[in-house]
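Listed here are the chains, written in short residue letters.
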Amino acid sequence: RARGRLEAAAQALATTWGSEPLLRFDAVSATLARERGAEVWAVAFAREAARLAEEARALGDRAALYEAQILVGSRQGRAAARVPLLWLLDRLEHVATQATRHRPRLASARL
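A few points on the structure. (Residues numbered from 1 in each chain as written. Predicted model: local features only at pLDDT ≥ 70, side-chain atom pairs only at ≥ 80, totals over all residues. Heavy atoms only, no water.)

1. A word on the packing of helix H1 (residues 2–17) against helix H3 (residues 40–75)
Quick reminder of the rule: Only the contacting stretch of a helix is used when fitting its axis, a line to C-alpha atoms as for every element, and angles between N-to-C directions run 0 to 180 degrees. For helices the rule is a DSSP run of H or I covering at least 4 residues; for strands it is a run of E covering at least 2, with both sets numbered from the N terminus onward. By definition in this entry, angles of less than 35 degrees are roughly parallel, angles greater than 145 are roughly antiparallel, angles of 65 to 115 are roughly perpendicular, and the rest are oblique. Crossings are sorted by hand: turned counterclockwise from the far helix by less than a right angle, the near helix makes the crossing left-handed, and turned clockwise it makes it right-handed. Only heavy atoms enter the contact rule, under which two residues are in contact if any of them lie within 4.5 Å. In the scheme used here, Gly and all other residues not listed as nonpolar or charged are polar, with Ala, Val, Leu, Ile, Met, Phe, Trp, Tyr, Cys and Pro taken as nonpolar and Asp, Glu, Lys and Arg as charged.
With their axes 10 Å apart at the nearest point, H1 and H3 run at an angle of 150° to one another. Relative to H3, the element H1 lies roughly antiparallel. Considering the relative orientation of H1 and H3, their crossing is left-handed. Residues Arg3, Leu6, Ala10, Leu13 and Trp17 of H1 lie in contact with H3, whose contacting residues are Ala46, Ala49, Leu52, Ala56, Leu59, Gly60, Ala63, Ala64 and Glu67. Of the residues in the contact of H1 with H3, the class split is 11 nonpolar, 1 polar and 2 charged.

Have a look at this one:
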């Protein structure tokens, strides 16, 4: 569930952002936007959304790896390590919440 919630929140950010992939909005993009007259706050909101999108991608990759390891472990009668799994679930929830809360800010920052 946590992974699905994060994927939905990240997709909502991407949809709000528009056509260009949010992950491509890097320091160079931010500088170019400022040179074109974008407000500092708008660029900061876009950079934060890009950071959240990158973290969501990395956590999604980690979740997929954990799911595969849990599946293999269960076939072999081994339990999953509890602490890393709980950490991952917490991060998935935390970043999903951050992304959801950030979406209105990103919407106001159309560059």
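2. Section: the packing of aromatic side chains
For clarity, the cut-off: Working definition: rings of Phe, Tyr and Trp (its six-membered ring) pair if their centres are within 6.5 Å, and the pair is stacked with planes under 30 degrees apart, edge-to-face with planes over 60 apart, and tilted otherwise. Buried, partly exposed and exposed residues are distinguished by accessible area as a fraction of the type maximum, computed with a 1.4 Å probe on protein chains only: under 20%, between the cut-offs, and over 50%, respectively.
A complete count under the given rule lists 2 aromatic pairs for this structure. For the ring pair tryptophan 17 and phenylalanine 25, a centre distance of 5.3 Å and an interplane angle of 70° mean the geometry is edge-to-face. The burial state of tryptophan 17 is the same as that of phenylalanine 25; both residues are buried. Aromatic pair tryptophan 41 and phenylalanine 45: ring centres 5.6 Å apart, planes at 70°, arrangement edge-to-face. Here the residue tryptophan 41 and the residue phenylalanine 45 both occupy positions in helix H3, the gap between them amounting to 4 residues, near one helical turn. Under the relative-accessibility criterion, phenylalanine 45 is labelled partly exposed at 24%.

These figures capture arrangement, not role.
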